[in-house]
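Understanding the architecture of this molecule
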Amino acid sequence: MWEQVGTSFVHLYYQHFDASRVQLSALYMDASCLTWEGQQFQGKTAIMEKLMSLPFQKIQHSITSQDHQPAPDNSILSMVVGQLKVDNDPVMGFHQLFVLKNISDNWVCTNDIFRLALYNFA
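All of the points below concern the structure found in this document. All values reported here derive from a predicted model rather than from experimental measurement. Just so you know, the residues in each chain are numbered from 1, in the order the chain's sequence is written. In keeping with the model being predicted, local features are shown solely for residues with a pLDDT of at least 70 and side-chain atom pairs are shown and tallied solely at 80 or more, while totals for entire chains, interfaces and linings include all residues. Heavy atoms throughout the structure, all of them, feed into the side-chain values; hydrogens and water do not.

So, the overall build of the protein
Secondary structure follows DSSP: runs of H or I at least 4 residues long count as helices, runs of E at least 2 residues long count as strands, and numbering of each begins at the N terminus. The secondary structure content of the protein amounts to 2 helices and 6 strands. Along the chain direction, N to C, the helices and strands of the protein fall in the order α-β-β-α-β-β-β-β. In terms of overall size, the protein behaves like a compact globule, its C-alpha atoms giving a radius of gyration of 14 Å where 122 residues would be expected to give roughly 14 Å. Each principal axis of the C-alpha atoms in the protein carries an extent, and together these give about 45 × 30 × 25 Å. The buried label goes to any residue with under 20% of its type's maximum accessible area, the exposed label to any with over 50%, and the partly exposed label to all in between, with areas taken from a 1.4 Å probe on protein chains only. The buried share of the protein, reckoned over its 122 residues, is 38%. Sequence separation of 24 or more characterises 45% of the internal contacts of the protein that already satisfy a separation of 6 or more. Accessible surface is estimated by sampling points in the Shrake-Rupley manner with a 1.4 Å probe; for residues, cover comes only from the protein chains shown. With an accessible surface of roughly 7300 Å², the protein has 52% of that area assigned to carbon and sulfur atoms. Both definitions apply: the radius of gyration is a C-alpha atom measure, and the globule rule equals 2.2 Å times residues to the power 0.38. Throughout, a residue-residue contact means that at least one pair of heavy atoms, one from each residue, lies within 4.5 Å.

Right, dumping it as structure tokens:
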């Protein structure tokens, strides 16, 4: 069950992120936390302000792999690895971790951690 829920959530999340970020609001709750490149945001309002303020016009995610596990308290842990293309910038790798929780028969994201996969080989 957790594989199906996790996979469905990931598909919906990136579909909304790429097409209309404002729709991501339905996937978070007031107690949700986001860490975006080391910056922390708590609550749906703060999370949406961050996501809506990202400085690009167009984005496209491509998922390389995703893994899902059952977690305590009937939650699901989902790890996503992929690539993203922003405007005319080069393709970049990313990692994203979600904790999903069923609240009133709706799966929402309680925790979200995002990092670009940037490496300095110098």
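We are not done yet, so read on.
Here we look at helix H2 (residues 44–52)
Looking only at H2, the buried set comprises Ile47, Met48, Lys50 and Leu51. Take H2 and look down its axis: the buried residues cluster within an arc of 160°, on one side only. Among the exposed residues of H2, those oriented more than 90 degrees off its buried face are Thr45 and Glu49. If you follow the buried residues of H2, they end up packed against helix H1 (2–19), strand E1 (28–36) and strand E2 (39–42). Regarding the arc, it is the one traced by the directions from the helix axis to the C-beta atoms.

Considering the sheet that holds strand E3 (residues 59–71)
The mixed open sheet is built from 6 strands, whose spatial order is E2-E1-E6-E5-E4-E3. The sheet is open, and its two edges are formed by E2 and E3, each paired on a single side. Each strand of the sheet is rotated relative to its neighbour by a mean of 15°, with strand direction disregarded. Where E1 and strand E6 (residues 106–116) come together, 5 bridges link them in parallel fashion. Bridge assignment links Tyr28 to a residue of E6, and that residue is Cys109. Angles run from 0 to 180 degrees between N-to-C directions of axes, and those axes are lines fitted to C-alpha atoms, restricted for helices to the stretch in contact. Strands E1, E3, strand E4 (75–86), strand E5 (92–103) and E6 of the sheet are contacted by H1, whose axis makes an angle of about 155° with E3. At least two DSSP bridges between two strands are required for those strands to pair.

The quantities given are spatial measurements derived from coordinates; they are silent on function.
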